[in-house]
Amino acid sequence: MSKELIVSKIENGTVIDHIPAGRALAVLRVLGITGREGLRVALVMNVESRKLGRKDIVKIEGRELTPDEVNIISAVAPTATINIVRNYEVVKKFKVTPPEVIRGRFRCKNPTCITNAPREPAEPTFLLVRREPPLFVCAYCGRYHELGDLL
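Every chain begins its residue count from 1, and numbering advances along the sequence as written. With pLDDT at 70 or above as the cut-off, local features in this predicted model cover only qualifying residues; side-chain atom pairs require 80 or more to be listed or tallied, and sums for whole chains, interfaces and linings still use all residues. Heavy atoms throughout the structure, all of them, feed into the side-chain values; hydrogens and water do not.

Chemist: What should I look at first to understand the state of the cysteines in this one?
Modeler: As used here, a disulfide is simply a covalent bond connecting the sulfur atoms of two cysteines. Any pair of cysteine sulfurs within 2.5 Å is marked as a disulfide. A complete count under the given rule lists zero disulfides for this structure. Counting only cysteine sulfurs, Cys-113 is the nearest neighbor of Cys-138, a cysteine outside any disulfide, at a range of 3.7 Å. Classification of Cys-138 by relative accessible area gives buried; the value is 3%. Left without a disulfide partner, Cys-141 is nearest to the cysteine sulfur of Cys-108, which lies 3.6 Å away. For every residue, the accessible area (1.4 Å probe, protein chains only) is compared with the maximum for its type, and the residue is labelled buried under 20%, exposed over 50%, or partly exposed between those bounds.

Structure follows, in structure tokens:
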């Protein structure tokens, strides 16, 4: 039996590779991709990887991610690599890095944080405290969050 991954190439768009196994759906969630946008999205989960043992891959045809979107992926997939594809060729390749600030993407795990109050207009904001392993602090209540907490 062949161990090769058979997924068609995309002409233009983004390939997100080296996603930890089981996290591809979380990557789509933080990017706000629901499937209703009309984009062709290929999702491969739990495939063999020399680097990670097992990994997920997401291919998004017709959309290049913004730098903010690339960095927010690090919150759910810190080992991910991003490939920008044009005319079936990879023109840019880079690893994700945790952003200095994350606004409005995740909820604070502190139930008494003002950002969790239904009538308060406070947008959840997290500041990067440490890069390895990534650690964030809520700008409002001071609660520390590791990557898993933000999921």
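Chemist: Looking at this model, I keep getting lost on a nonpolar patch on the surface. Mind explaining?
Modeler: Candidate patch residues must exceed 30% relative accessible area and have no salt bridge, after which like charges are joined if within 9 Å and Val, Leu, Ile, Met, Phe, Trp or Tyr side chains if within 5 Å. The protein chains shown are the only cover counted for residues, whose accessible areas, like all others here, come from Shrake-Rupley with a 1.4 Å probe. A side-chain nitrogen of Lys or Arg and a carboxyl oxygen of Asp or Glu constitute a salt bridge if their distance falls within 4 Å. A cluster of nonpolar side chains, contributed by Leu-25, Leu-43 and Met-45, occupies part of the molecular surface with about 240 Å² of accessible area. With respect to the helices, strands and loops of the structure, Leu-43 is situated in strand S2 (residues 40-49). Given a relative accessible area of 34%, Leu-43 falls into the partly exposed group. Each helix is a run of DSSP H or I of at least 4 residues and each strand a run of E of at least 2, with the numbering of both proceeding from the N terminus.

Chemist: Could you clarify how one ought to interpret the sheet that holds strand S5 (residues 89-95) in this entry?
Modeler: Within a beta sheet, neighbouring strands are joined by backbone hydrogen bonds and run either parallel or antiparallel to one another. Pairing between strands is defined by DSSP: at least two bridges between them are needed. Taking strand neighbours across the sheet as the criterion, the five strands line up as S2-S3-S1-S4-S5 in an open arrangement whose pairing is antiparallel. Every other strand in the sheet has two partners, leaving S2 and S5 as the edge strands with one partner each. With direction set aside, neighbouring strand axes in the sheet form an average angle of 20°. Pairing between strand S1 (residues 13-20) and strand S4 (residues 81-86): five bridges, direction antiparallel. When the bridges of S4 are listed, Thr-14 appears paired with Ile-84. What makes two residues a contact is simply this: any of their non-hydrogen atoms within 4.5 Å. Angular values range over 0 to 180 degrees, each being the angle between N-to-C directions of two axes fitted as lines to C-alpha atoms, with helices fitted over their stretch in contact. Where helix H1 (residues 24-31) meets the sheet, it contacts S1, S2 and strand S3 (53-61), and its direction lies at approximately 145° from that of S2.

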